[in-house]
Amino acid sequence: MSYRREDSADVTGRIHDRLVEHFGESAVFMDVDDIPLGVDFTRYIDEKVGQCEALLAVIGRDWLNATDEEGNRRLEQPGDYVRIELESALKRKIPVVPLLVRRASMPEADELPESIRDFAKRNGMQVRADPDFRTDCDRLIEGLERDRTGKRPIISTRNKRVVKKPTGRRKALIIGALGIAVVSALIGFYTWFASRPGPAPSIVEFQADPNRVEQGSTTTLKWVTKNTKKVSIQPNIGTVAVSGSKVIRPRENTTYTLVARGSDNRHVKQRLSIQVNSQPVATIPVSRLSVAENTIELGKSTTLSWRTRDATDVEIKPGIGSVEANGSIEISPGRNTTYTLTAKSPAGTATSTILVRVESTAPRTIITRPAIR
């Protein structure tokens, strides 16, 4: 019976007990003490699986993505004991029966190493928790005894001797006529498997849309993590959902750091920089007002000209109003007039003035008094 202790050991023990209850002495047990010290465990497993008529593979939810202490998937490692068992059984064309526990699902062929991809084609069954556990086990037993070809059952019913080793706890392989290879003994032999960490946390995506903004504009942070328990983003954001998005308004170029932590406090980091395009600094405008002739006769006209720089709003008073930043206009004042040019910007205001004098052309009347004789 092939399984991983971390997510299916208790279920495997119950399945084991139910099978022993039914098949009795048609099963042979081997305790962990029966594994010779110093032997090539790969060859040893291969030889024992070769004695099987069937192999039951108990698949829990973490079966496919179980990792070692460095975060590497264990099925990808040639020395992984579960992979060795499946390779040996498939190579010998021994029936391999997947037993799905805790709502696990069958892996796809492309999720498995090439040497065990045929495992994805094996027909298996769900073994549910109580109150359905015994019913499912009965269906399993019936399937093991059923005549597959019309000539013989999967499991032989011939009697075999039962050998039990007295130990304080059960770590057994079900081997032989029952055709169940129990690798829990190997798990006990390699105790570091029992204390392996959970799946390593990972950051699938961390980006900003857009990652270049104008000053005062917003952008949206988006992130997706996997196998995480706590996620935070700094600076100025803090703890967030394990996957999500957030609208932010950075004031200056900022590098954000996303930290994703797993259940065993392992963590990964990823940085993301957002560039803020600063607006140009406003400056005080410059204005200059001039006139073609400073003195004109009444009824005549002259040209008033102006120039400004860095201005957002320009006007001339009196009587003219808003004008372009640079320009000229004909004027014909009826009396002496002081014109004022005002140029404004967010940084301040500049003014310029000029006086236009108007001379009257009306003839002078001279009044004389007659002489008194």
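Residues numbered from 1 in each chain as written. Predicted model: local features only at pLDDT ≥ 70, side-chain atom pairs only at ≥ 80, totals over all residues. Heavy atoms only, no water.

Peer 1: Would you mind going over the sheet that holds strand S10 (residues 238–240) with me for this structure?
Peer 2: As a general point, the strands of a sheet are linked pairwise by backbone hydrogen bonds and lie either parallel or antiparallel. Across the sheet, 5 strands lie side by side as S7-S13-S12-S9-S10; this open sheet has mixed pairing. The sheet terminates laterally at strand S7 (212–214) and S10, the two strands that pair on one side only. Strand-to-strand, the axes of this sheet are offset by a mean angle of 30 degrees, without reference to chain direction. Pairing between S7 and strand S13 (residues 267–277): 3 bridges, direction parallel. Within the sheet, the bridge partner assigned to Arg212 lies in S13 and is Gln275. (Pairing = 2+ DSSP bridges. Helix = DSSP H or I, 4+ residues; strand = E, 2+ residues; numbered from the N terminus. Axes fitted to C-alpha atoms, helices over the stretch in contact; angles between N-to-C directions.)

Peer 1: What exactly am I supposed to notice about helix H4 (residues 133–145) here?
Peer 2: Owing to its 3.6 residues per turn, the α-helix aligns residues three or four sequence positions apart on the same side. Here H4 is 13 residues long and its end C-alpha atoms lie 19 Å apart, about the 18 Å a rise of 1.5 Å per residue gives. Along H4, the positions that sit buried rather than exposed are Phe133, Asp136, Cys137, Leu140, Ile141 and Leu144. Take H4 and look down its axis: the buried residues cluster within an arc of 145 degrees, on one side only. (Expected span 1.5 Å × (residues − 1). Buried < 20%, exposed > 50% of the residue type's maximum accessible area, 1.4 Å probe, protein only. Arc of directions from axis to C-beta.)

Peer 1: Explain the pattern of salt bridges to me, please; I cannot follow it from the model alone.
Peer 2: One pass over the structure, following the stated rule, counts 13 salt bridges. Across the pair Asp310 and Arg309 runs a salt bridge whose closest N-O atoms are separated by 3.8 Å. Under the relative-accessibility criterion, Asp310 is labelled partly exposed at 41%. Bridged by salt links that share partners, the residues Arg128, Asp132, Asp136 and Arg139 form one connected network. (Salt bridge = Lys/Arg side-chain N within 4 Å of Asp/Glu carboxyl O.)

Peer 1: I would appreciate a short explanation of the environment of Ala129 in the present structure.
Peer 2: Note that Ala129 resides in the loop between strand S4 (125–127) and H4. Sequence spacing of Ala129 and Val11 is 118 residues, and the spatial spacing of their C-alpha atoms is 8.4 Å.

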